[in-house]
Amino acid sequence: DQLEMSYCLETDEDGRTIYSTVEGRIASFYYLAHTTLQHLRDSLESDMTTEQTLQTLVDATEFSQLPVRHNEDNINAELAKQCPLETNIYTMDSPNTKASLLLQAHFSRLVLPSTDYLTDTKTVMDNAPRVLQAMIDVCAESGWLGSTLRVVSLLQMCVQARWDTDTSLLTLPHLQHAALYVFTNQGITTLPQLVARVAAGYENLARMLRQEFDEPEIEDIWAVVTRLPIIQ
């Protein structure tokens, strides 16, 4: 009965024959709780914002066991002040709220308040890709292109540890917001522009970066830039 209410199986008219559904197979494939698929079916919509997509992710059953230790509700409240998305101040002792804050801190590359929070972030990051893959499958099965792309974007945010609103230049090693001027002063705002500009060789990149980076750091950036694919 519970699996049927969670859209994971259907029963025949005889009340004994059962059939798996798409949601049931998704739950099985990604090792997710059936309640997570019920939540995704009830919560996902055709065109969602990043904030809505993130909220749907952290409300999954997989994050409900994240530990909120003694006094961590106060720490969560302080962390929430540094995070860009608003959080309900009355749910700071909720594991799901903590999961949201840890993900936002990951995207913003904030300094976490303790080693416990580093361990908890690893737990969240272990679970998030599985739930996000299931979200992609549910959205795609419903024919919702906008939401599918939004979830794919959120998955990339987890991988890159950046917000989808950040410039792609920030995915380069050692590069932080404060150092972006070395590129913007040259009229470069995207990775393809940078690849085109430094195609002639290492020295073209190094001249731009030496005022802000050491030589080993420049070599790390060069190694990444030369591996980027040129797509036509």
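The rules behind these values
- Residues numbered from 1 in each chain as written.
- Predicted model: local features only at pLDDT ≥ 70, side-chain atom pairs only at ≥ 80, totals over all residues.
- Heavy atoms only, no water.
- Axes fitted to C-alpha atoms, helices over the stretch in contact; angles between N-to-C directions.
- Helix = DSSP H or I, 4+ residues; strand = E, 2+ residues; numbered from the N terminus.
- Parallel < 35°, antiparallel > 145°, perpendicular 65-115°, else oblique.
- Contact = heavy atoms within 4.5 Å.
- Nonpolar A, V, L, I, M, F, W, Y, C, P; charged D, E, K, R; others polar.
- Left-handed = near helix turned anticlockwise from the far one by under 90°.
- Core = buried A, V, L, I, M, F, W, Y, C linked by side-chain atoms within 4.5 Å.
- Buried < 20%, exposed > 50% of the residue type's maximum accessible area, 1.4 Å probe, protein only.
- Polar contact = N/O pair within 3.5 Å; in protein donor to acceptor, adjacent residues only side chain to side chain.
- Arc of directions from axis to C-beta.
- Disulfide = S-S within 2.5 Å.
- Phe/Tyr/Trp six-rings, centres within 6.5 Å; stacked < 30°, edge-to-face > 60°.
- Lys NZ or Arg CZ within 6 Å of the ring centre and 35° of its normal.

### Re the packing of helix H6 (residues 95-108) against helix H7 (residues 115-142)
For the pair H6 and H7, interaxial distance at closest approach is 10 Å and the crossing angle is 95°. The orientation of H6 with respect to H7, classified from their angle, is roughly perpendicular. Facing H6, whose interface residues are Lys98, Ala99, Leu102, Leu103 and His106, H7 presents Tyr117, Asp120, Thr121, Val124 and Met125. Taken together, the residues of the contact of H6 with H7 sort by class into six nonpolar, two polar and two charged.

### With respect to the packing of helix H5 (residues 72-82) against H6
At a minimum axis separation of 10 Å, H5 and H6 run at an interaxial angle of 40°. One way to sum up the angle between H5 and H6 is to call them oblique. Between H5 and H6 the crossing geometry is left-handed. The segment H5 lies against H6, with Glu72, Asn76, Leu79 and Ala80 engaging Lys98, Leu101 and Ala105. Counted by class, the contact of H5 with H6 contains four nonpolar, one polar and two charged residues.

### Here we look at the nonpolar core
The biggest cluster of nonpolar side chains holds 44 residues, and the ones touching the most others in it are Leu54, Leu57, Phe63, Leu103, Phe107, Leu132 and Met135. When contributions to this core are tallied by element, the ones reaching two or more residues are helix H2 (22-29), helix H3 (34-43), helix H4 (50-58), H5, H6, H7 and helix H8 (145-160). Looking at this core, the element that brings in the most residues is H7, giving 11 residues. Leaving out residues up to four positions away in the same chain, leucine 132 has contacts with Leu57, Val151, Leu154, Leu155 and Cys158. In terms of nonpolar packing, the next biggest core, distinct from the first, is built from 21 residues, Leu172, Ile188, Met208 and Phe213 among them.

### Brief notes about the environment of arginine 210
Position of arginine 210 relative to the elements: it lies in the loop between helix H11 (202-209) and helix H12 (215-227). Remark: the alpha-carbon pair of arginine 210 and valine 182, spanning 28 residues in sequence, is separated by 9.2 Å. Here arginine 210 is in contact with Tyr202, Glu203, Glu215 and Ile218, once residues within four sequence places are set aside. Here glutamate 203 takes part through its side chain, which lies 2.7 Å from a polar atom of the side chain of arginine 210.

### So, unusual backbone geometry
Residue asparagine 71 is not a glycine yet carries a positive backbone phi of 75°. Structurally, asparagine 71 can be placed in the loop between H4 and H5. Phi is positive for histidine 174, close to 70°, though the residue is something other than glycine. Its location among the elements puts histidine 174 in the loop between H8 and helix H9 (181-184).

### Concerning H3
All of the buried residues along H3 are Thr36, Leu37, His39 and Leu40. Burial along H3 is one-sided: seen end-on, the buried residues are contained in an arc of 160°.

### What to know about the state of the cysteines
All told, the structure shown has zero disulfides when counted by the stated rule. Free cysteine: cysteine 8, not disulfide-bonded; nearest cysteine sulfur from cysteine 139 at 16 Å. By relative accessible area, which is 7% here, cysteine 8 ends up buried. Here cysteine 158 stays free of any disulfide, with the sulfur of cysteine 83 as its closest cysteine sulfur at 14 Å. The exposure class assigned to cysteine 158 is buried, which follows from its relative accessible area of 5%.

### Focus: the packing of aromatic side chains
A complete count under the given rule lists three aromatic pairs for this structure. Between phenylalanine 29 and tyrosine 30 the ring centres are 5.0 Å apart and the planes differ by 90°, which places this aromatic pair in the edge-to-face class. Its relative accessible area of 14% is what places tyrosine 30 among the buried residues. Its guanidinium or amino end placed over the ring of tyrosine 7, arginine 41 lies 4.1 Å from that ring's centre, counting from NZ or CZ. When the ring centre of tyrosine 117 is taken as origin, the NZ or CZ atom of lysine 98, which lies over that ring, is 4.5 Å away.

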